[in-house]
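Per-entry structural report
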Amino acid sequence: PGFTPVVQISALDFLQASALSRSAREAELRRDYEQALQSWSVALANDPCDPAIAAHYIQALLRSKKRADAQRALQVAGWLCRISPNRASHSLLMPAPDRNELWDLVLDATRFVLKSDPPSPTVNHSVLKALFRTGQYRQANKLLERTPPSAFPSAHRALYEEALRCILDPNPHTARCT
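Digging into the overall build of the protein chain
The helix and strand tally for the protein chain stands at 10 helices and zero strands. Ordered by position from N to C terminus, the α and β elements of the protein chain give α-α-α-α-α-α-α-α-α-α. Within the span of the protein chain, comprising 178 residues, buried residues form 38% of the whole. Contacts in the protein chain between residues at least 24 apart in sequence constitute 49% of all its contacts with a sequence separation of at least 6. For the protein chain, the computed accessible surface area is about 10500 Å², with 55% contributed by carbon and sulfur atoms.

Structure (structure tokens):
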């Protein structure tokens, strides 16, 4: 709120960012993900306010198996949400804290992400997982009740429903849940 980045880049930076973006896409086609990641990183450094470059960089970071890359994805996703009012950019905010198991940040991100109509099954699953992992079982149950089954990966929904039944139902028949 109240943050308006003012970033000016030179024509040379703009051209370098464009060339590096092409290099990154070519590296991805060759399945050279390390090179693609490096190219996206430098492209974003050359043009830090290009939402398309930031989005591709986040996606490349999230493909990586390194925790540091997932943490960097979270930083870039936060920046992207500040510079881009586009709802599509907000959907990239959710996977980064989810991958880092930062459940409070997943829940904070929902205020941006849930503005999209409708949230994807992946977003719904991240929110449900965050509510469950933070002990907000009643809210998780409400989310399941108000969301159609098609809005979740089916196996995950059934697992959470069963777990929530065991946690929230005080009846003796829940002893089978142990």
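Picking up after the structure, the text goes on.
Digging into helix 4 (residues 67-83)
With 17 residues, helix 4 ought to run about 24 Å at 1.5 Å a step, and its terminal C-alpha atoms sit 25 Å apart, in line with that. Along helix 4, the positions that sit buried rather than exposed are Asp 69, Ala 70, Ala 73, Leu 74, Val 76, Ala 77, Leu 80, Cys 81 and Ile 83.

What about the packing of helix 8 (residues 121-133) against helix 9 (residues 137-146)?
Remark: helix 8 packs on helix 9, axes separated minimally by 8 Å, with the N-to-C direction vectors making an angle of 155°. On the basis of the axis angle, helix 8 is roughly antiparallel to helix 9. The crossing of helix 8 and helix 9 is left-handed. Residues Asn 124, Val 127, Leu 128, Leu 131 and Phe 132 of helix 8 pack against Tyr 137, Gln 139, Ala 140, Leu 143 and Leu 144 of helix 9. By residue class, the composition of the contact of helix 8 with helix 9 is eight nonpolar, two polar and no charged.

Points about the environment of Glu 161
Mapped onto the fold, Glu 161 is located in helix 10 (residues 154-168). Overall, the relative accessible area of 29% leaves Glu 161 in the partly exposed class. Through-space distance from the C-alpha of Glu 161 to that of Leu 144 is 7.7 Å; in sequence the pair is 17 residues apart.

Regarding the nonpolar core
The biggest cluster of nonpolar side chains holds 42 residues, and the ones touching the most others in it are Trp 40, Tyr 57, Ile 58, Val 76, Leu 80, Val 127 and Leu 128. Where this core is concerned, the elements lending two or more residues are helix 1 (11-29), helix 2 (33-46), helix 3 (51-63), helix 4, helix 7 (103-113), helix 8, helix 9 and helix 10. Excluding residues that lie within four positions of it along the chain, Val 76 makes contacts with Leu 44, Ala 54, Tyr 57, Ile 58 and Leu 61.

Notes on the pattern of salt bridges
Tallying each qualifying case throughout the model produces six salt bridges. Notably, a salt bridge pairs Asp 98 with Lys 129, separated by 3.0 Å at the nearest N-O pair. One end of the pair, Asp 98, is in helix 6 (residues 95-99); the other, Lys 129, is in helix 8, and 31 residues separate them in sequence. Taking the relative accessible area as the measure of exposure, Asp 98 reaches 13% and is therefore buried.

Comments concerning the packing of helix 3 against helix 4
Following both chains from N to C, one finds helix 3 and helix 4 inclined at 160°, their axes separated by 8 Å at the closest point. Put simply, helix 3 runs roughly antiparallel to helix 4. The handedness of the crossing between helix 3 and helix 4 comes out as left-handed. Contacts between helix 3 and helix 4 involve Pro 51, Ala 54, Ala 55, Tyr 57, Ile 58, Leu 61 and Leu 62 on the former and, on the latter, Asp 69, Ala 70, Arg 72, Ala 73, Val 76, Ala 77 and Leu 80. Of the residues contributing to the contact of helix 3 with helix 4, the split by class is 12 nonpolar, no polar and two charged.

Here's the deal with the packing of aromatic side chains
The full count for this structure, using the stated rule, is two aromatic pairs. Relative to Tyr 137, the ring of Phe 132 has its centre 5.3 Å away and its plane inclined at 70°; by these criteria the two rings are edge-to-face. We classify Phe 132 as buried; its relative accessible area is 19%. Through successive ring pairs, a cluster of aromatic residues spans Phe 132, Tyr 137 and Tyr 160.

Each value, and the rule that gives it
Residues numbered from 1 in each chain as written. Predicted model: local features only at pLDDT ≥ 70, side-chain atom pairs only at ≥ 80, totals over all residues. Heavy atoms only, no water. Helix = DSSP H or I, 4+ residues; strand = E, 2+ residues; numbered from the N terminus. Buried < 20%, exposed > 50% of the residue type's maximum accessible area, 1.4 Å probe, protein only. Contact = heavy atoms within 4.5 Å. Areas by Shrake-Rupley, 256 points an atom, 1.4 Å probe, with all protein chains shown as cover. Expected span 1.5 Å × (residues − 1). Axes fitted to C-alpha atoms, helices over the stretch in contact; angles between N-to-C directions. Parallel < 35°, antiparallel > 145°, perpendicular 65-115°, else oblique. Left-handed = near helix turned anticlockwise from the far one by under 90°. Nonpolar A, V, L, I, M, F, W, Y, C, P; charged D, E, K, R; others polar. Core = buried A, V, L, I, M, F, W, Y, C linked by side-chain atoms within 4.5 Å. Salt bridge = Lys/Arg side-chain N within 4 Å of Asp/Glu carboxyl O. Phe/Tyr/Trp six-rings, centres within 6.5 Å; stacked < 30°, edge-to-face > 60°.

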